Amino acid sequence: MTDDYLARIGQLIRDARQHRGWTQSQLAEALGTSQSAVNRIERGNQNISLEMIARISEALDSEIVSLGYSGPMHLRVVGGRRLSGSIDVKTSKNACVALLCASLLNSGRTVLRRVARIEEVYRILEVLSSIGVRTRWINGGADLEIVPPAELDLDSIDQEAARRTRSIIMFLGPLLHRMDRFRIPYAGGCDLGTRTVEPHMSALRHFGLAVTATEGIYHAEVEAGVAPQRPIVLTERGDTVTENALLAAARHDGVTVIRNASSNYMVQDLCFFLEQLGVRVEGIGSTTLTVHGVPVIDTDVDYSPSEDPVEAMSLVAAAVVTESELTVRRVPAEFMEIELAVLEEMGLDFDRSAEYAADNGRTRLTDLTVRPSKLEAPIDKIHPMPFPGLNIDNVPFFAAIAASAQGKTLIHDWVYDNRAIYLTDLNRLGGRLQLLDPHRVLVEGPTRWRAAEMMCPPALRPAVVVLLAMLAAEGTSVLRNVYVINRGYEDLAERLNEVGAQIETFRDI
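All chains use their own residue numbering, which begins from 1 and follows the written sequence. Owing to the predicted nature of the model, reporting of local features is limited to residues with pLDDT of at least 70; listing and counting of side-chain atom pairs is limited to 80 or more, with chain, interface and lining totals taken over all residues. Hydrogens and waters are ignored; side-chain quantities use all the structure's heavy atoms.

Student: How would you sum up the overall build of the protein chain? Please name residues and give values.
Tutor: If you tally the helices and strands in the protein chain, you get 18 helices and 23 strands. Against the globule reference of 23 Å for 509 residues, the protein chain gives a C-alpha radius of gyration of 23 Å, in line with a compact fold. Projected onto the principal axes, the alpha-carbon positions of the protein chain cover approximately 65 × 60 × 45 Å. By residue count, 57% of the 509 residues in the protein chain fall in the buried class. Of all intrachain contacts in the protein chain linking residues separated by at least 6 positions in sequence, the fraction that spans at least 24 positions is 72%. Here the open area of atoms and residues is found with the Shrake-Rupley method and a 1.4 Å probe, where only the protein chains shown may cover a residue. Element-wise, carbon and sulfur atoms account for 45% of the exposed surface of the protein chain, whose accessible area totals about 20,100 Å². The helix count covers DSSP runs of H or I at least four residues long, the strand count covers runs of E at least two residues long, and both are numbered beginning at the N terminus. Here the radius of gyration uses the C-alpha set of atoms, whereas the globule reference equals 2.2 Å times the residue count to the power 0.38. Relative accessibility thresholds used throughout: buried, under 20% of the residue-type maximum; exposed, over 50%; partly exposed, between the two (1.4 Å probe, protein chains only). A contact between two residues is defined here by any heavy atoms of the two lying within 4.5 Å.

Now the structure itself:
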């Protein structure tokens, strides 16, 4: 590599490390090297192998350099432009990922309509293909066909792809009915006993699953004949925890009661899909689910996941911060009620169309037309709650909206450690956000946004929030290394360009 390339790669590594909140010593420990070596790499003073770049990317959960093309993807944004026209909401990322995992329950052919073509989905597809599942895009790439083999080849699992998706944990529920003993990788940072993992294990023990973790691998063993003897009470009302319990219950030959279940949008989509497979689920939309499982599922199924309320919120926020009149179509009404109520309280001027059914025949959709409005800070703090409260993933968008409003808004993101820290990246663009602690940030508006060049935050929703602020900022901004946005959004830049934005995709290595 030339000295120029080494310097540019070193700068990318340094920026990714700083956004992760790590010191050079912490990165060195993760890599098994010295702090001085990390310092030389970041200064461009040390040759670096592709293997080391890959290890650094995995440690920082950031795409530093990608093989097969010229390098990480960046966005150049010419801001200060008004958006206009209409834009459709895509299908739910989280529902599509859950349904891909659920396809492992079925021995027949599964067709999923209008699957989100995003990096998170691609990683799950790579994992499925590596264990023998045949997947292919059909109908001009709009839909996805999934056909499982008679026997899964878990020994050939694509470990790199598995570690790049946190959704791999949802393989546990379906697989415990297919084999007595198996191993799957887990994403870096997910350790047994942590808040995000232990509730899964607690729920799945009722089905005989015992898991130990060593060196980045889940070692799973299933004790035959073990079945829930009483209702399963989830220790956390989490979406993926509920989905894993549902996936395990679906092929349990009996009745499983799941209490303290999430009733969020992706959980409901999974329940609707399970019903298509012949599994009866009572209590959909409530916190108590009663699952009448069937031991063998072998059916050809065709299902359309519903639209994504978090993407809908992203697009509404884009209209708000750019002071635009924009129609956001196919918004899941039921899962945006609280958000819209808060926005109405803040003074947002918008209309809702009559409701109509999504393609799954169950979810209620509406079209929202948002108009330029003079917003006031809400009286109460913005904080998430399990559905039907304000969606956890929609909280970050209120940082950009609050920055556009008159007054001070307290945002309390109590669910995720440190995610609030990434919202302070808006200060680079002219925002006035004060971090009170790792979970709370005070936002003062209105904001005169200004252009800047910066590294993409490593968290999906804060990354999109930064992009939206760049749309509002006069001048040209650059957002570097946007892999994290592509994990959760399909062609977001191109779709925003269709309604008046000016965003250019480029690479520089």
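Student: How would you explain the pairing of strand E8 (residues 217-222) if you had to name every residue and give the values?
Tutor: Sheet topology places strand E6 (residues 181-185) next to E8; five bridges connect them, and they run antiparallel. When the sheet's bridge partners are listed, Arg181 is paired in E8 with Glu221. By definition, two strands form a pair when at least two bridges between them are found by DSSP. Hairpin connection of strand E7 (residues 209-214) to E8: two residues between the antiparallel strands, including Glu215 at a positive phi of 50 degrees.

Student: So what about the environment of Ser404? Which residues, and what values?
Tutor: As for its placement among the helices and strands, Ser404 is situated in the loop between helix H14 (397-403) and strand E18 (407-412). Using a relative accessible area of 22% as the deciding quantity, one classes Ser404 as partly exposed. Separated by 138 residues in sequence, Ser404 and Met266 place their C-alpha atoms 30 Å apart. In this view, Ser404 contacts Val321, Pro446 and Trp449; residues no more than four positions away in its chain are not counted.

Student: How would you summarise the packing of aromatic side chains if you had to cite specific residues and measurements?
Tutor: Between rings of Phe, Tyr and Trp, where Trp is taken as its six-membered ring, a pair exists when centres lie within 6.5 Å; planes separated by under 30 degrees are stacked, by over 60 edge-to-face, and by other angles tilted. Going through the model one piece at a time under the given rule, you end up with three aromatic pairs. Seen in terms of ring centroids, Phe273 and Tyr303 are 5.8 Å apart; in terms of plane orientation they differ by 70 degrees. Their pairing is edge-to-face. Residue Phe273 is found in helix H11 (residues 265-276), and its partner Tyr303 is found in strand E13 (residues 301-303); the two are separated by 30 residues along the sequence. Pair check on accessibility: Phe273 and Tyr303 agree, each one buried. Think of it as a cone above the ring: NZ of Lys or CZ of Arg counts as a charge over the ring if it is within 6 Å of the ring centre and within 35 degrees of the ring normal. Here the guanidinium or amino end of Arg76 rests over the ring plane of Phe506, the centre of that ring lying 4.0 Å away.

Student: Give me the lowdown on the sheet that holds E8, citing residues and values where you can.
Tutor: Here we have three strands laid out as an open sheet, ordered E6-E8-E7, and antiparallel in their pairing. In this open sheet, the two edge strands, each paired with only one partner strand, are E6 and E7. Sheet twist, expressed as the mean angle between neighbouring strand axes with direction ignored, is 20 degrees. Pairing geometry for E7 and E8, over six bridges, is antiparallel. Note on E8: the bridge partner recorded for Ala213 is Tyr218. Lines fitted to C-alpha atoms define the axes here, with helix axes fitted over just the stretch in contact, and angles between the N-to-C directions of these axes take values from 0 to 180 degrees.

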